[in-house]
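Now for the letters of each chain:
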Amino acid sequence: MSGKTLFDKIWDAHLVRSVPDGPDVLFIDRHYIHEVTSPQAFSGLRQRGISVFRPERTVATADHNIPTVNQHLPIADPVSRSQVETLEDNCHTAGITYFGMGDPRNGIVHVTCPEQGYTLPGMTIVCGDSHTSTHGAFGTIAFGIGTSEVEMVLATQCLLQTRPLKMRINVEGALREGVTSKDLILYIIASLTTGGATGFFVEYAGKAIRSLSMESRMTVCNMSIEMGARGGLIAPDEITFSWLSQIPALSDNPAFERLVDNWPSLRSDTNAPFDSEVTFDAQLVPPMITYGTNPGMGMAVDGIIPLPGEAGPSANGSYLKSLEYMGFKPGMKLLGHPVDYIFLGSCTNGRIEDLRLFAAAVAGRKKAAGVTALIVPGSQQVARQAEREGLTHALRLAGFEVRQPGCSSCLAMNDDKIPAGKYAVSTSNRNFEGRQGPGARTLLAGPLTAAAAAVTGRITDPREMNLRW
Amino acid sequence: MKREKFTILESTCVPLPLENIDTDQIIPARFLSSTEREGFGENLFRDWRFDGNGNPVPGFVLNRPEYRGEILITGSNFGCGSSREHAVWAIADYGFRAVVSDSFADIFMNNALNNGLLPVVIHSGLLTQLTALVTEKPGTRIRIDLDDQLLSVPGTGLRSGFPVNGFRKECLMKGLDSIDYLLAMKEEIEAYERSR
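Residues numbered from 1 in each chain as written. Chains lettered and ligands numbered in written order. Predicted model: local features only at pLDDT ≥ 70, side-chain atom pairs only at ≥ 80, totals over all residues. Heavy atoms only, no water.

## As for the sheet that holds strand β5 (residues 97-99) of chain A
All names here are of chain A. Filter applied, for reference: At least two bridges found by DSSP between two strands are what make those strands a pair. A run of H or I in DSSP counts as a helix once it spans at least four residues, and a run of E counts as a strand once it spans at least two, with each numbered from the N terminus. The axes are straight lines fitted to the C-alpha atoms, using for helices just the contacting stretch, and the angles between their N-to-C directions are given from 0 to 180°.
Strands sit in the order β5-β4-β3-β6-β7 across an open sheet of 5 strands; the sheet is parallel. The open sheet has two edge strands with one neighbour each: β5 and β7 (141-144). The mean inter-strand angle of the sheet, taken between neighbouring strand axes irrespective of direction, is 20°. With 3 bridges connecting them, strand β3 (residues 30-33) and strand β6 (residues 124-127) associate as parallel partners. Considered in β6, the bridge of arginine 30 is made with isoleucine 125.

Structure (structure tokens):
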């Protein structure tokens, strides 16, 4: 008899009913909500005349459209303010825990919810946000849903969902000096392409994955959606449980102790069948940067933009349109290309480890003249930690602006927009046209490559910089 | 809640043959601050459709009067990126009832089905033929029969079956809402909770 994947173990444990010739009815342990994709779901409940079924299983935070300055003041933009107030009202009425702007637990939903101990191994977690895959780092089935599905979960704590195919991505060996987990996931996405894992749920495995910190694992799982995967998870291990045991809310919780006892079962059986399996050698992963308008258009920071025909399935009209938007040409090198903006933050790279890496890398240098840099901690807790460790102070002395937490320039719903035509090296997750503001040109990279660009004003190989990390 | 039923759609088409069209292009984030479901159609493909001053971009397909219809024909991996259902609301609000491609992003597919917008997956060879045909002959009508799961171009031999999950198909054809389905099984959900 063949074994079971970790994914199937968790899925089956949450199966309420299998609909004949239809999707499964899956019970949801945790539902995270934010201001942008939830208001219409609450309106739907009101139209139906029903209330939230299990409010204690939902947690809310305001993150997408909040400003990253003057958070003690009301939000200036009336439409954004109304959206955040609507979330607050909806949570208050339903009895849902809410981390409003300025709350010490506020932050980007995928940064703060793990920090606060809500994300635990073996759970099913959904949120009206595609980067919900982040929580897979803890050995959960976590994925993004639409607003109708948010309404479905609020109404019934269940979701109608078709069981995806399973893919295992093995990363063997060890990452080289100067290469981060962000580089690793950009490398994987560049290899599999932006739609290459559509229909699949990924399990990341192998020595290089097991040796990553929890923050780094979250960065990897976060970007699973950028290759089309429904989500991505990593089997929990000592690193997971050691990280979780630092959370005050969990340290003396008996449920957590039971979970620790059970964690050895939360892994794929050795003979578990996967529908697809690929293996990468971590040694081969360079510092990466994207040159186009989807996250699959990535290359080594010292690489050459592929010529049409070499770039795989994307080498057609869409490919050239993408390069034209970026102001690049096939065959071009990006090393030395001037950069206007740096963004360190987002649910991909807005954690304490990212701030530490960036701060260590720029230590003893100054931000390059002409570069505007936004450093945006992913949560209030990250901001406090950065203060405590002296990172905020050091960064300010080096000429960097450290903002208050939020999604910020990753999707530019607030004022943190990159102007049209400007080049931004961003540690966020999407380089889509206009993602960081209309006409903005985004180059996705890891925190070290961002740091190297921040102090030189140009695209720079962090390995050539004698940076400290 | 009752929804509009989907049975047979016959319409002219709008071709937008680009790959990997992400939901940020369909509806940019700066238009997501509304707390309503309506009104997103006016900003559908905003930054391709209008220039920085709000003037229509003449070459963009939605600004070309010869291309009109309720069917959008597009490229691979349509709807990738953000989970924003606003993308589906914008497409439907603009007046489309079906989107034809050779592949869709998973979340977009679910969102479309939950809103009665039919994602029709056909073979990439046929998609190329279809795109060429409707681009060269604007006004070409395409027929989508959900019950028979058949897409065809009347008057030509072009036709293809397409997959739809049986449960989803019944919901679409009868105008049923999948939340009602789950609400009707509350006792079973509570029994599951007790069994854990």
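## Structural notes on the domain arrangement of chain A
All names here are of chain A. Selection rule: Per the annotation, domain bounds derive from an automatic or database assignment of domains. Two residues qualify as a contact provided that any one of their heavy atoms is within 4.5 Å of a heavy atom in the partner residue. For any pair of parts, buried area is found by adding up, for both, the accessible area (1.4 Å probe) each one loses once the two are put together. By salt bridge we mean one thing: a side-chain nitrogen of Lys or Arg within 4 Å of a carboxyl oxygen of Asp or Glu. Within 3.5 Å is the distance limit for a polar contact, defined as a pair of N or O atoms, with the added protein rule that one can donate a hydrogen and the other accept it, and that residues adjacent in sequence qualify only through two side-chain atoms.
When cut into domains, chain A gives domain 1 (6-276) and domain 2 (287-464). Summarising the inter-unit geometry, the C-alpha centres of domain 1 and domain 2 are found 24 Å apart. The interface of domain 1 with domain 2 comprises 46 residues on the first partner and 47 residues on the second. Among the residues domain 1 hides against domain 2, the three largest losses belong to Thr68, Ile108 and Lys182. Together they make up 18% of the total. On the surface where domain 1 and domain 2 come into contact, there are 1 salt bridge. On inspection of domain 1 and its partner domain 2, the count reaches 25 residue pairs in polar contact (both at pLDDT 80 or more). Those elements that provide at least two residues to the side of domain 1 that touches domain 2 are α4 (109-115), α6 (181-192) and α8 (214-222).

## Regarding the pattern of salt bridges
The following threshold applies: Only protein chains enter the calculation, and the probe is 1.4 Å; a residue is then buried if its accessible area is under 20% of its type maximum, exposed if over 50%, and partly exposed in between.
This model, assessed by the stated rule, comprises 34 salt bridges over all chains. Between arginine 430 of chain A and glutamate 226 of chain A there is a salt bridge, with its nearest N and O atoms 3.1 Å apart. Here the residue arginine 430 of chain A occupies a position in the loop between β18 (423-426) and β19 (441-444), and glutamate 226 of chain A occupies one in the loop between α8 and β11 (231-233), the gap between them amounting to 204 residues. For the pair shown, arginine 430 of chain A and glutamate 226 of chain A are each scored as buried. Salt-bridge contacts for arginine 37 of chain B lead to glutamate 85 of chain B; the nearest nitrogen and oxygen are separated by 3.7 Å. Of this pair, arginine 37 of chain B sits in the loop between α1 (23-26) and α2 (46-49) while glutamate 85 of chain B sits in the loop between β2 (71-74) and α3 (86-94); the two residues are 48 residues apart in sequence, bridging distant segments of the chain. In this structure arginine 37 of chain B comes out as partly exposed when scored by relative accessible area, which is 22%. A network of salt bridges, in which partner residues are shared, links Arg48 and Glu151 of chain A together with Arg3, Arg37, Glu85, Asp177 and Asp180 of chain B.

## Focus on helix α17 (residues 447-456) of chain A
Residue and element names in this part refer to chain A. Of all 10 residues in α17, 9 are buried; the element is thus mostly enclosed. Its buried side turned inward, α17 meets α6, β13 (288-290), β15 (341-344), α13 (346-349), α14 (352-362) and β18. Two residues or fewer past α17, glycine 457 is found with a positive phi of approximately 75°.

## Some thoughts on the packing of aromatic side chains
Residue and element names in this part refer to chain A. Formally: Pairs were defined over the aromatic rings of Phe, Tyr and Trp, the Trp ring being its six-membered one, requiring ring centres within 6.5 Å. Orientation was assigned from the angle between planes: stacked under 30 degrees, edge-to-face over 60, tilted for the rest.
All chains considered together, the criterion is met by 19 aromatic pairs over all chains. When the centroid spacing of 6.0 Å and the interplanar angle of 70° are considered together, the rings of tyrosine 187 and phenylalanine 280 count as edge-to-face. Of the two residues, tyrosine 187 sits in helix α6 while phenylalanine 280 sits in strand β12 (residues 276-281), which places them 93 residues apart along the sequence. With relative accessibility at 21%, the residue tyrosine 187 sits in the partly exposed group. These aromatic residues form a ring-pair network of at least three members: Phe7, Trp11 and Phe201.

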